[in-house]
Amino acid sequence: MKGKDKHPNPTVVDLAQDILLRTTIPLDNHAALRSGFAGYPINPRWNVNKVRAWKTGRQLRQALQEGELIIRSSDSMLVPSDNEQEGISVCQIPTQPYKWMSCAEWVKQLFTNYQTV
C-alpha cells in the first residue's frame, strides 16, 4: 500500500451555502457528501466510498436537525453542540423539510401558484 496514509489530513468541505465541515473524506467523494447532506438520493453508479460519504452527509443533516450539531457563527463550521457550553458563539440554521413530489404534482402546484398571482 504505497502512498496510502492511515490518517489523512482533514480538509474543509463546503457542505452548503455558509456551512463548512472539517473532514478526512477524500476530495473525490465530497460531491457525494454534499449530495447526502442536501437530501438527494443515491446515484446507483457510485462506488462504495461515495455511498459511505453520502450516508455520512445524511447523518450530518439528521444530527443538525436534532440539535446534536450546530453551525458556529464565527466561521460557519459544523461542530458538536457541546461547544456551546464552552462559550463559543453558535447559531442554528432553520431546517426546511423537503417534500418529494412527482412531476405531475409539481406542474399542478406551479400552475396553481401562477394563477393566484
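Coordinates for the structure precede this section.
In this report, the structure presented in the accompanying data block is examined. Computed from a predicted structure; not experimentally measured. (Residues numbered from 1 in each chain as written. Predicted model: local features only at pLDDT ≥ 70, side-chain atom pairs only at ≥ 80, totals over all residues. Heavy atoms only, no water.)

Comments concerning helix H2 (residues 48-66)
Basically, it comes down to this: Runs of E in the DSSP output that reach at least two residues are strands. Runs of H or I that reach at least four are helices, and both are numbered from the N terminus. Expected helix span is given by 1.5 Å per residue-to-residue step, counting one fewer step than there are residues. Burial classes: relative accessible area under 20% of the type maximum marks a residue as buried, over 50% as exposed, and values in between as partly exposed (1.4 Å probe, protein chains only). Note on contacts: a residue pair qualifies if any of its non-hydrogen atoms lie within 4.5 Å across the two residues. Nitrogen and oxygen atoms within 3.5 Å of one another constitute a polar contact, given that in protein one can donate a hydrogen and the other can accept it, and given that sequence-neighbouring residues count only through two side-chain atoms.
Look at H2: 27 Å from first C-alpha to last across 19 residues, which is about the 27 Å you get at 1.5 Å a residue. Of all the positions in H2, only Ala 53, Trp 54, Gly 57, Leu 60, Arg 61, Ala 63 and Leu 64 are classed as buried. Of the surrounding elements, those touching the buried residues of H2 are strand E1 (11-16), strand E2 (19-23), helix H1 (30-38), strand E3 (69-72) and strand E4 (78-80). Sitting at the amino-terminal end of H2 is Asn 47, which places a side-chain oxygen 3.2 Å from the backbone nitrogen of Asn 49. Where H2 ends, the next residue or the one after it, Gly 67, has phi of about 90°, a positive value.

Focus: the nonpolar core
For clarity, the threshold we go by: Side-chain atoms within 4.5 Å link the members of a nonpolar core, which is a set of buried Ala, Val, Leu, Ile, Met, Phe, Trp, Tyr and Cys residues.
In terms of nonpolar packing, the biggest core is built from 16 residues, with Leu 15, Ile 19, Leu 21, Leu 33, Phe 37, Leu 60 and Leu 78 touching the most fellow members. For this core, the secondary structure elements donating two or more residues are E1, E2, H1, H2 and E3. Aside from chain neighbours lying at most four places away, what touches Phe 37 is Leu 15, Ala 16, Ile 19, Gly 57, Arg 58, Leu 60, Arg 61, Leu 64 and Leu 78.

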